[in-house]
Amino acid sequence: MMPADHSTIERAAWLRAELARHDHAYYVLDAPTVPDAEYDRLFRELEAIESTHPELRRADSPTARVGGKPLAQFAPVRHRIPMLSIRTETDTESSGAQAFDARVRRELGLDETDPPVEYVAELKFDGLAINLRYEHGALVQAATRGDGETGEDVSGSVRTVRAIPLRLLGSPPPVLEVRGEIYMRRDDFDALNARQLAAGDKVFVNPRNAAAGAIRQLDPNIAARRPLSFFAYGLGETEGWSLPATHFGVLDALTDFGVPVCKHREVALGADGLMAFHGRIAELRDALPFDIDGVVYKVNSLALQRQLGFVTREPRWAVAHKYPAQEALTLLRDIEVQVGRTGAITPVGRLEPVFVGGVTVTNATLHNQDEIDRKDVRIGDWVIVRRAGDVIPEIVGPVVERRTGDLPRFNLLERFPTCPVCGSHVVRGADEAVARCTGGLYCPAQRKQALLHFAGRRAMDIEGLGDKLVDQLVDAAIVKTPVDIYRLGILALANLERMGDKSAQNLLAAIDKSRNTTLGRFIFALGIRNVGEATARDLARHFGSLDALSEADETRLQQVPDVGPIVARCIVEFFAEAHNREIIEQLRAAGVRWEEGEPAVMPAGALAGKVFVLTGTLPGMSRDEAKVRIEAQGGKVVGSVSKKTDYVVAGAEAGSKLVKAQELGVDIVDEQGLLTLLAQST
Ligand code: IVH
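The model shown is predicted, which means the values in this text are computed figures rather than measured ones.

Draft legend 1. Inspection of the site of the ligand at higher detail. Within the structure, the ligand sits among 14 residues, and Ile-86, Glu-122, Leu-123, Glu-181 and Tyr-233 are positioned closest to it. Within the backbone of Leu-123, an N or O atom sits 2.9 Å from a nitrogen atom of the ligand. Contacts to the ligand include Tyr-233, whose side-chain N or O atom sits 2.5 Å from an oxygen atom. With the chains in place, 86% of the 520 Å² that the ligand exposes on its own is no longer accessible. Here the element with the most residues in the shell around the ligand is strand S3 (residues 118-125); it accounts for 4 residues. Tallied by class, residues from the shell around the ligand come to 9 nonpolar, 1 polar and 4 charged.

Listed below in structure tokens is the structure:
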């Protein structure tokens, strides 16, 4: 074979450096420099050169990350400095920080007159601990923690992790051991599971298992196919390096060497500083792109760390402070169903009560039959339950190893051929994921949900008509349709349990007040399938009157922004139903009125199509007012920040949404900025 000429050698070196630079930008600086496709093109070019000229291959080439040969077994690695664990503060309140600070101060012989101790507060990543050994800047070995004294050589798998540099930047010392955590981001985890599912392979229960499992495989090709990430949080052995004076300095130095260190770290003063960090991260937790199970506090000064030393296998200078677990193990006792407003039947797991995500959970959703099949969840299984933030608790999956005996698979249509509430048939369309009760408004469950929706704050806004009351009214057959609400009298109400005269009067006043509404609210209140609040408002604006809307065909409906064929069909079907038209007429007869007007000429204001998120308290206007004003100019207000968000309007005490906006580089404006935007469009 022809030896490589000078320009090929240079090109290969350039490609190696360029790919390493992109990896660094992506994983360390969190600021991607090229689209994936361009990265892949450079990568393939380097691969092609190296395959024609094998002598140009380098151990630290990005192409050397692809999985090597499977091992027969892992070689043991004796850690030159033991990999310790850290003590965990068991209380999940922020007072755990005080206990730690008090211990440190006592050990250091400090009294109240001494200044606060300086700490570093970090996140506690939920993955697999790893020791990376660099010699003269090159990654030479990666080992798991094992029992702390001896781990396993997992260099082959770890080399495939793009977040881990194969070569350090700058002038690293001759020996540098970096310690940190290999983990998997949630979005990567979801995408991985979607791929596994599509390929008919098993899905993973959580990112931690998917990450740890990949590294512990003898075949590095498995890790190469899993999207893994890495954060450094400390050191092992070092040689020929005059260490920085502080732990924070160490983390900065690691960043300079090109090692990813999480940006959520800070120097905190005393227990107060630690508690503030604990509280702030608790707020941020659900918005982070990866799972954490707590925070970690470390004494910042390395000299003080040495002075404090260790008890058994735990340093006295560090502590983990946990948050309530978001996942827990419990027994699935039974599967029942809930009937929604449109008849959708949702299977719900009845659980042995378990404390998770800060509350005791007894029910968790299983979504639908496909999800039950995919997860292979069976009644009697031990299951993992997840409750993150305010979302509805869900069953992540069974722990199949703990399954005892022959548990039958669960089949929703077999177990519930008829609606448990009204006895109507339950059907599932050929291309539908959900099963539905066919009872329509005959079904009390659907009726209750429909009434609650009708009376809801964003619909007719009948204050005081909540679920307890709706249950009573429907169960006593006093209210069957929304029209009955407007026929309620004081007598019927006063006879209900727990309903005093005063509350009955208040409710009647609220019902009366709701008679005057807007067309958009009224359309939303009707509960047409797939017509949400924003669509209802668009329809009102476009058609100007209910008659015009009810006569529109699918083609005309689709001229409304965001109305596609499915929504258009739902609207046409709704108005084709004589029963629905009757209810509308009866509501009119009962005195329900809305403003009607000429079909609006859509203002193409400067905010048309712009997506806003509001967070925090604005000094001069309420959130609802801001929303109305943005929408009046054609903008849209949504609840959560994503790449599609154009502006985040942040007021005082803005929380995780602001952080998310900063992370995604979304434009952030304050009230003044919003007013400027609004002014431009008028
Ligand atoms: S420091 C001597 N910092 O938690 C201190 N550990 O028991 C050694 N972990 O499995 C650990 N995030 O992998 C430290 N910011 C962090 C951490 C962290 C996660 C893990 C670590 C180990 C366990 C400690």
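Draft legend 2. Seen up close, the packing of aromatic side chains. By the definition in use, this model includes 15 aromatic pairs. When the ring of Phe-454 is compared with that of Tyr-486, the centres are 6.4 Å apart and the planes differ by 80°; the resulting orientation is edge-to-face. Here Tyr-486 lies in the loop between helix H15 (482-485) and helix H16 (490-494) and Phe-454 lies in helix H13 (residues 444-455), a separation of 32 residues in the sequence. Each member of the pair, Phe-454 as well as Tyr-486, is classed as buried. Relative to Trp-594, the ring of Phe-522 lies with its centre 4.1 Å away and its plane at 20°, an arrangement referred to as stacked. Separated by 72 residues along the polypeptide, Phe-522 in helix H18 (residues 519-525) and Trp-594 in strand S22 (residues 593-595) bring together distant segments of the chain.

Draft legend 3. Expanded view of the pairing of strand S13 (residues 318-322). Counting buried positions along S13 yields 4 of 5 residues, so the element is predominantly enclosed. Examined bridge by bridge, strand S2 (residues 88-89) and S13 share 2 bridges and lie parallel to one another. What sits directly across from Thr-88, in S13, is Ala-320. Pairing between strand S10 (residues 292-299) and S13: 5 bridges, direction antiparallel. Within S13, the residue paired with Lys-298 across the bridge is Ala-318.

Draft legend 4. Geometry of the sheet that holds strand S7 (residues 175-183). An order of S5-S4-S7-S8 is seen for the 4 strands of this open sheet, with the pairing classed as antiparallel. The sheet terminates laterally at strand S5 (138-144) and strand S8 (229-239), the two strands that pair on one side only. With strand direction ignored, the average angle separating the axes of adjacent strands in the sheet is 25°. Strand direction decides the pairing type here: S7 and S8, joined by 8 bridges, are antiparallel. When the bridges of S8 are listed, Val-178 appears paired with Leu-235. Strands S7 and S8 of the sheet are contacted by helix H8 (residues 247-256), whose axis makes an angle of about 110° with S8.

Draft legend 5. Expanded view of the packing of helix H1 (residues 6-27) against helix H2 (residues 36-52). The N-to-C vectors of H1 and H2 enclose an angle of 145°; their axes lie 10 Å apart at closest approach. Classified by chirality, the crossing of H2 by H1 is left-handed. On H2, the residues that touch Thr-8, Arg-11, Ala-12, Trp-14, Leu-15, Arg-16, Glu-18, Leu-19, His-22 and Asp-23 of H1 are Tyr-39, Leu-42, Phe-43, Glu-45, Leu-46, Ile-49 and Glu-50. Taken together, the residues that form the contact of H1 with H2 break down as 9 nonpolar, 2 polar and 6 charged.

Draft legend 6. Inspection of H2 at higher detail. For H2, built from 17 residues, the straight-helix expectation of 24 Å at 1.5 Å per residue is met to within 8% by its first-to-last C-alpha distance of 25 Å. Within H2, the full set of buried residues consists of Tyr-39, Leu-42, Phe-43, Leu-46, Ile-49 and Glu-50. Down the axis, H2 shows its buried residues gathered within 125° of arc, on one side only. Where H2 is buried, its residues contact H1.

Draft legend 7. Seen up close, the sheet that holds strand S26 (residues 667-669). Taken in spatial order, the 4 strands of this open sheet run S24-S23-S25-S26, and their pairing is parallel. Edge strands, defined here as strands with exactly one partner in the open sheet, are strand S24 (636-638) and S26. For this sheet the average axis-to-axis angle between neighbouring strands, irrespective of direction, equals 35°. Pairing analysis gives 3 bridges linking strand S25 (residues 647-650) to S26, with the strands arranged parallel. Note on S26: the bridge partner recorded for Tyr-647 is Asp-667. Its contacts with the sheet put helix H25 (residues 656-664) on strand S23 (611-615), S25 and S26, and the angle it makes with S23 is roughly 140°. Helix H26 (residues 671-680) contacts S23, S25 and S26 of the sheet and is inclined by roughly 105° relative to S26.

Draft legend 8. Seen up close, the pairing of S25. Alternating residues of S25 divide into Tyr-647 and Val-649 and Val-648 and Ala-650, and every residue in both groups is buried. Two elements, S23 and S25, share 4 bridges in a ladder whose sense is parallel. Opposite Phe-612, over in S25, you have Tyr-647 as the bridge partner. Each parallel crossover has a hand, and the one from S25 via H25 to S26 is right-handed.

Draft legend 9. Focus on the pattern of salt bridges. As enumerated under the stated definition, the model contains 51 salt bridges in all. With its nearest N and O atoms 3.8 Å apart, the salt bridge here joins Lys-322 to Asp-293. On the criterion of sequence distance, the pair formed by Lys-322 in strand S13 and Asp-293 in strand S10 is long-range, its members being 29 residues apart. Taking the relative accessible area as the measure of exposure, Asp-293 reaches 15% and is therefore buried.

Draft legend 10. Spotlight on the nonpolar core. By size, the foremost hydrophobic cluster in this structure holds 53 residues, and its most contacted members are Ile-462, Tyr-486, Ile-523 and Leu-539. With 6 residues, helix H22 (residues 565-576) is the single largest residue contributor to this core. In this view, Ile-523 contacts Ile-528, Val-531, Ala-536, Leu-539, Ala-540, Leu-546 and Leu-549; residues no more than four positions away in its chain are not counted. If you look at the next biggest cluster of nonpolar residues, it comprises 38 residues, including Leu-132, Val-178, Phe-204 and Val-261.

Parameters and conventions
- Residues numbered from 1 in each chain as written.
- Predicted model: local features only at pLDDT ≥ 70, side-chain atom pairs only at ≥ 80, totals over all residues.
- Heavy atoms only, no water.
- Near = heavy atom within 4 Å.
- Polar contact = N/O pair within 3.5 Å; in protein donor to acceptor, adjacent residues only side chain to side chain.
- Areas by Shrake-Rupley, 256 points an atom, 1.4 Å probe, with all protein chains shown as cover.
- Helix = DSSP H or I, 4+ residues; strand = E, 2+ residues; numbered from the N terminus.
- Nonpolar A, V, L, I, M, F, W, Y, C, P; charged D, E, K, R; others polar.
- Phe/Tyr/Trp six-rings, centres within 6.5 Å; stacked < 30°, edge-to-face > 60°.
- Buried < 20%, exposed > 50% of the residue type's maximum accessible area, 1.4 Å probe, protein only.
- Pairing = 2+ DSSP bridges.
- Axes fitted to C-alpha atoms, helices over the stretch in contact; angles between N-to-C directions.
- Contact = heavy atoms within 4.5 Å.
- Left-handed = near helix turned anticlockwise from the far one by under 90°.
- Expected span 1.5 Å × (residues − 1).
- Arc of directions from axis to C-beta.
- Right-handed = clockwise from strand over helix to strand, strands pointing away.
- Salt bridge = Lys/Arg side-chain N within 4 Å of Asp/Glu carboxyl O.
- Core = buried A, V, L, I, M, F, W, Y, C linked by side-chain atoms within 4.5 Å.

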